[in-house]
Amino acid sequence: MLGLARVKMGRYLGRMNEIAPIPAPISAQGQSAERPARTRKPDWIRVKAPTSPGYHDTRRLMREKGLATVCEEAACPNIGECWTKKHATVMILGDVCTRACAFCNVKTGMPRKVDPNEPQNLADACAEMGLEHIVITSVDRDDLPDGGALQFVKVIEALRRTTPDTTIEILTPDFRNKHERAVEMIVAARPDVYNHNLETVPRLYPTIRPGARYYASLRLLETVKKLDPSIFTKSGIMLGLGEERLEVHQVMDDMRSADIDFLTMGQYLQPTPKHAKVMEFVTPAAFNAYAAIARAKGFLQVASSPLTRSSYHAGKDFAEMRAAREAQLAKVAR
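Residues numbered from 1 in each chain as written. Predicted model: local features only at pLDDT ≥ 70, side-chain atom pairs only at ≥ 80, totals over all residues. Heavy atoms only, no water.

Asks: I'm lost on the environment of L144 in this one. Help?
Replies: Following the sequence through the fold, L144 ends up in the loop between β6 (133–138) and α6 (149–162). On the basis of relative accessibility, which here comes to 17%, the residue L144 falls in the buried class. Measuring from C-alpha to C-alpha, the distance between L144 and K113 comes to 9.5 Å, with 31 residues separating the pair along the chain. (Helix = DSSP H or I, 4+ residues; strand = E, 2+ residues; numbered from the N terminus. Buried < 20%, exposed > 50% of the residue type's maximum accessible area, 1.4 Å probe, protein only.)

Asks: Teacher, can you tell me more about the pattern of salt bridges here?
Replies: Here the idea is simple: oppositely charged side chains can pair when their charged atoms come close. Enumeration according to the criterion identifies 14 salt bridges in this entry. D95 is the partner of K107 in a salt bridge, and the nearest nitrogen-oxygen pair spans 3.2 Å. Here K107 is found in strand β5 (residues 107–108), whereas its partner D95 is found in the loop between β3 (89–92) and β4 (96–97), with 12 residues between them in sequence. Note that E169 and K234 form a salt bridge whose closest N and O atoms lie 2.7 Å from each other. (Salt bridge = Lys/Arg side-chain N within 4 Å of Asp/Glu carboxyl O.)

Asks: How should the packing of helix α5 (residues 118–129) against α6 be read in this particular structure?
Replies: Helix packing geometry: the angle between the two helix axes and the distance between the axes. Two elements in contact, α5 and α6, have axes separated by 8 Å at closest approach and are oriented at 40°. Here α5 is positioned oblique relative to α6, judged by the angle of their axes. Classified by chirality, the crossing of α6 by α5 is right-handed. Of α6, the residues touching α5 (which contributes E118, P119, Q120, L122, A123, D124, C126 and A127) are Q151, K154, V155, A158, L159, R161 and T162. Residue composition of the contact of α5 with α6, grouped by class: eight nonpolar, three polar and four charged. (Axes fitted to C-alpha atoms, helices over the stretch in contact; angles between N-to-C directions. Parallel < 35°, antiparallel > 145°, perpendicular 65-115°, else oblique. Left-handed = near helix turned anticlockwise from the far one by under 90°. Contact = heavy atoms within 4.5 Å. Nonpolar A, V, L, I, M, F, W, Y, C, P; charged D, E, K, R; others polar.)

Asks: Would you take a moment to explain the side chain of D261 for this structure?
Replies: Position of D261 among the secondary structure elements: in the loop between α10 (245–257) and β10 (262–267). A distance of 2.8 Å separates polar atoms of two side chains, one belonging to D261 and the other to K225. (Polar contact = N/O pair within 3.5 Å; in protein donor to acceptor, adjacent residues only side chain to side chain.)

Asks: I'm lost on the pairing of strand β9 (residues 232–239) in this one. Help?
Replies: Put simply, side chains in a regular strand alternate between the two faces of the sheet. In terms of burial, β9 is largely enclosed, as eight of its eight residues are buried. The alternating pattern of β9 places F232, K234, G236 and M238 and T233, S235, I237 and L239 on opposite faces, both of which are buried. Note: strand β8 (residues 193–195) against β9, three bridges, orientation parallel. Each bridged residue has a counterpart across the sheet, and for Y194 the counterpart in β9 is T233. Both β9 and β10 contribute to a ladder of six bridges, which runs parallel. (Pairing = 2+ DSSP bridges.)

Asks: Looking at this model, I keep getting lost on helix α7 (residues 179–189). Mind explaining?
Replies: One turn of the α-helix equals 3.6 residues, which is why residues spaced by three or four share an orientation. Taken residue by residue, α7 has H179, A182, V183, M185, I186, V187 and A189 as its buried positions. Where α7 is buried, its residues meet α6, β7 (167–171), β8 and α9 (214–227). Where α7 ends, the next residue or the one after it, R190, has phi of about 60°, a positive value.

As far as function goes, none of this settles anything; it's purely spatial.
Rendered as structure tokens:
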């Protein structure tokens, strides 16, 4: 099934570029450069430091419940906006990852034991915040026999008991070498959205995501759909790591061949000097053009902008995606 994307790619490209020609990106120095020595952010990337009372309330609640958030650990640029609105992406299974991806700011090392109180603490925080939609992610836990899948199941179950009206989105790791059983467990718990990010184009995996395999990630998302077609699937990539336009188009085709519903695209930002460099800043116009191409390829929902992240505006996007599916099914039923 995944191989179909390669056959179809040539048919798409000419037509897609006519629909939405993609403006050329600028280098990280604002001029032509193969490998910039340092990152200088353009105006459209800069955000203000968070200072609102809502931000501090969310931070306090996370500390009181002993919860980690990917918003903090990954140094997300949207943390001020999201936490002010009491939106947070909770990171379960601790804050130490067993892998060391070149783009990620989460700590690497040997994680602590799984916290048995974490699922209920998370559900209680969700109830206190009055969340209509929650996003749960985790570090990679290659040290666990199930990769941490059971903890995702327990969190979903705790949320269903405590806040039954909250819609649940999970963003899982790839469960390397154990994804079939892990996915079966999680799908049986029935989250509303199953997200797993491809992160970048296949050519860059050896340097950017060395512990993962591109086609294994695609198969994981394809497995979710085979087990339960009613669960929305979602995946995202970062731009600005040195990918080529046609490679991005190919990733879109691969995602559609795996029946992925929702695509997110955002600008990669270098968290520290030790991480992969920003090779280019992709302009807002280019993100809009990529979004037009993605919609033409059949995604139910597309989020594409320099500041887009996997869980940015997740609740609003979920509502729009669900409405799009209902409209699509009503059209077929006529």
